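Structure at a glance
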Amino acid sequence: MPKLFKNILITGGAGFIGSNLADKLLQENYNVVVVDNLSAGKKENLDKKVKFYKMDIGDKKISKVFAKERPDIVFHLAAQINVRDSVKDPIADAKANILGSLNILESCKNYNVKKIIFSSSGGTIYGSASIIPTPESSPEIPESPYGIAKLSVEKYLNYYHKGFGLEFIALRFANVYGPRQNPKGEAGVVAIFTDKMLAKKEVVINGSGKQTRDYVFVDDVVSACILSMKSDKIGIFNVGTGMETDVNFIFAEIKRLTNSDCMEAHGQENIGELQRSCLDFAKIKNSFIWTPKYDFKIGLEKTVIWFKNKK
Ligand SMILES: NC(=O)c1ccc[n+]([C@@H]2O[C@H](COP(=O)([O-])OP(=O)(O)OC[C@H]3O[C@@H](n4cnc5c(N)ncnc54)[C@H](O)[C@@H]3O)[C@@H](O)[C@H]2O)c1
């Protein structure tokens, strides 16, 4: 039975993943409300049909937005996303990522939101996993305050579900890449390399470049979000491709796609950086019939074209 709902609220909806999700929801004729403090996101990422509130997720006035907009579904994506910043200042990270999330959960409870979909992190929650690709059943031993905060919010989701009936899905994203990713943060090596190579700047690979990640294209992540919204299921799901790609390969591919003459240069390895990360997506495949549609090379091509047109 399809569920009847219309009003969707996205926290962090002016950012990379959130704005791509907002576009898709508008195409499907939902009413979309975005709450974002614009610390990283941009208003120009938002379609005119989106109702926008510039507000921090920690702000108590969030409850007024819920009272007015009465969302049926909340996608909670707003976050401090920088792992290294979370190491430098775990208190600031916890304020945004744990207390801010609790503020959202309280409003979800008080205004009868049906379901919350949370953007968790498969790249940090498992720590140095012994099984690769890593399934959801692996132990969660995050090695950064950022990963600890994501895991904490998952535990709160379970608490609000058991205590108050709030339905939830936590999507543990792998490394997401694609159009609108901010090349200034540490989050996206694809965005950083593409931006620099197009600007004819030098690119430095941290360490050997042999460290691997699981790169998932943003359109695939958006489709996992929408399937989660429409499903009756509750729980935690990895969103990845099961494929490992190393940084040296990304460097070479982006160099080719941007016709750059950038020389391969290696800098110091980031201390404590995971050597391998890759997610098993069997659970979401079986539950939602979701599989990643974009091969990495095709996703990269689309991303580079977007960055070229943006210049
Ligand atoms: N990009 C990835 O590879 C990846 C991987 C795993 C999880 N995630 C999670 O997905 C979500 C979206 O990430 P993204 O890559 O689109 O990053 P992003 O920085 O583009 O988006 C985050 C948005 O949240 C907003 N924001 C930040 N702090 C806020 C606050 N306190 N109050 C209100 N708004 C705030 C920012 O302005 C930005 O628009 C985040 O929760 C992130 O942790 C991303």
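Structure's up top.
A short tour of the structure in this document, coming up. (Residues numbered from 1 in each chain as written. Predicted model: local features only at pLDDT ≥ 70, side-chain atom pairs only at ≥ 80, totals over all residues.)

Of the regular secondary structure elements, the protein holds eleven helices and 13 strands. Radius of gyration (C-alpha) of the protein: 19 Å, near the 19 Å computed for a compact globule of 311 residues. If you line up the protein on its principal axes, its C-alpha atoms span 55 × 45 × 40 Å. Every one of the 311 residues in the protein was classed for burial, and the buried ones make up 47%. (Helix = DSSP H or I, 4+ residues; strand = E, 2+ residues; numbered from the N terminus. Rg over C-alpha atoms; globule rule 2.2 N^0.38 Å. Buried ≥ 20, exposed ≤ 12 C-beta atoms within 10 Å, placed from the backbone.)

Turning our attention to the nonpolar core. Grouped together as the largest cluster of nonpolar side chains are 83 residues, with contacts concentrated most on Val221, Cys225 and Val239. When residues of this core are assigned to their parent elements, the largest contribution, seven residues, is made by helix α8 (residues 218-230). Filtering out sequence-adjacent residues up to four positions away, valine 221 remains in contact with Ile17, Phe173, Val176, Val216 and Val239. (Core = buried A, V, L, I, M, F, W, Y, C linked by C-beta atoms within 7 Å. Contact = placed C-beta atoms within 7 Å.)

Let us now look at the sheet that holds strand β5 (residues 115-121). A sheet is described by the order of its strands in space; here seven strands give the open sequence β3-β2-β1-β4-β5-β6-β11, paired in parallel fashion. Of all strands in the sheet, those bounded by a partner on one side alone are β3 (51-54) and β11 (235-239). Between one strand and the next, the sheet's axes are offset by a mean angle of 20°, whatever the strand orientation. Relative to strand β6 (residues 167-173), β5 runs parallel, the two sharing seven bridges. Residue serine 121 lies in a different strand from β6, and its bridge partner there is phenylalanine 173. Along the sheet, helix α6 (residues 145-164) contacts β5, β6 and β11; its crossing angle with β5, the most-contacted strand, is approximately 160°. Sheet strands in contact with α8 are β4 (73-76), β5, β6 and β11, and its direction is about 165° off that of β6. (Pairing = 2+ DSSP bridges. Axes fitted to C-alpha atoms, helices over the stretch in contact; angles between N-to-C directions.)

Running from N to C, helix α4 (residues 90-110) and α6 cross one another at 20°; their axes reach a closest spacing of 10 Å. Between α4 and α6, the crossing angle belongs to the class labelled roughly parallel. α6 is crossed by α4, and the crossing has right-handed handedness. Each of Pro90, Asp93, Ala94, Asn97, Ile98, Ser101, Leu102, Leu105 and Lys109 in α4 lies in contact with α6, whose residues at this interface are Pro145, Tyr146, Ala149, Ser152, Val153, Tyr156, Tyr160 and Phe164. Considering only residue class, the contact of α4 with α6 consists of twelve nonpolar, three polar and two charged. (Parallel < 35°, antiparallel > 145°, perpendicular 65-115°, else oblique. Left-handed = near helix turned anticlockwise from the far one by under 90°. Nonpolar A, V, L, I, M, F, W, Y, C, P; charged D, E, K, R; others polar.)

Taken together, 30 residues sit near the ligand, with Gly12, Gly15, Gly41, Ala79 and Ser119 positioned nearest. Breaking the shell around the ligand down by element, the ones donating at least two residues are α1 (16-27), α4, β5 and β7 (175-177). Per element, the largest residue contribution to the shell around the ligand is three residues, and it comes from α1. Tallied by class, residues from the shell around the ligand come to 14 nonpolar, 14 polar and two charged. (Near = placed C-beta within 6 Å.)

Further remarks concern α4. In this model, α4 (21 residues) spans 29 Å end to end at C-alpha, consistent with the 30 Å of a helix rising 1.5 Å per residue. Taken together, the buried positions of α4 are Asp93, Ala96, Asn97, Gly100, Ser101, Ile104, Leu105, Ser107 and Cys108. Buried residues belonging to α4 abut β1 (7-11), α2 (62-69), β4, α3 (83-88), β5 and α6. Following α4 by one or two positions, asparagine 112 adopts a phi angle in the positive range, close to 55°. (Expected span 1.5 Å × (residues − 1).)

Before going further, it helps to examine the packing of α1 against α8. Across the interface, α1 lies against α8 with an axial gap of 9 Å and an inter-helix angle of 60°. Remark: the crossing between α1 and α8 carries right-handed chirality. Residues Phe16, Ile17, Asn20, Leu21 and Lys24 of α1 pack against Val218, Val221, Val222, Cys225 and Ile226 of α8.

What follows deals with the environment of glycine 123. Note that glycine 123 resides in helix α5 (residues 122-125). Note: C-alpha distance between glycine 123 and isoleucine 169 (46 residues apart in sequence) is 17 Å. In contact with glycine 123, not counting residues within four places along its chain, are Ala174, Asn175, Arg213 and Ser277.

Moving on: unusual backbone geometry. Looking along the chain, the bond that leaves isoleucine 132 and enters proline 133 is cis, with omega of -5°. Within the chain, asparagine 112 stands out as a residue other than glycine whose phi angle is a positive 55°. With respect to the helices and strands, asparagine 112 occurs in the loop between α4 and β5. The phi dihedral of lysine 200 falls on the positive side, at around 60°, and the residue is not glycine. With respect to the helices, strands and loops of the structure, lysine 200 is situated in the loop between α7 (189-198) and β8 (204-206).

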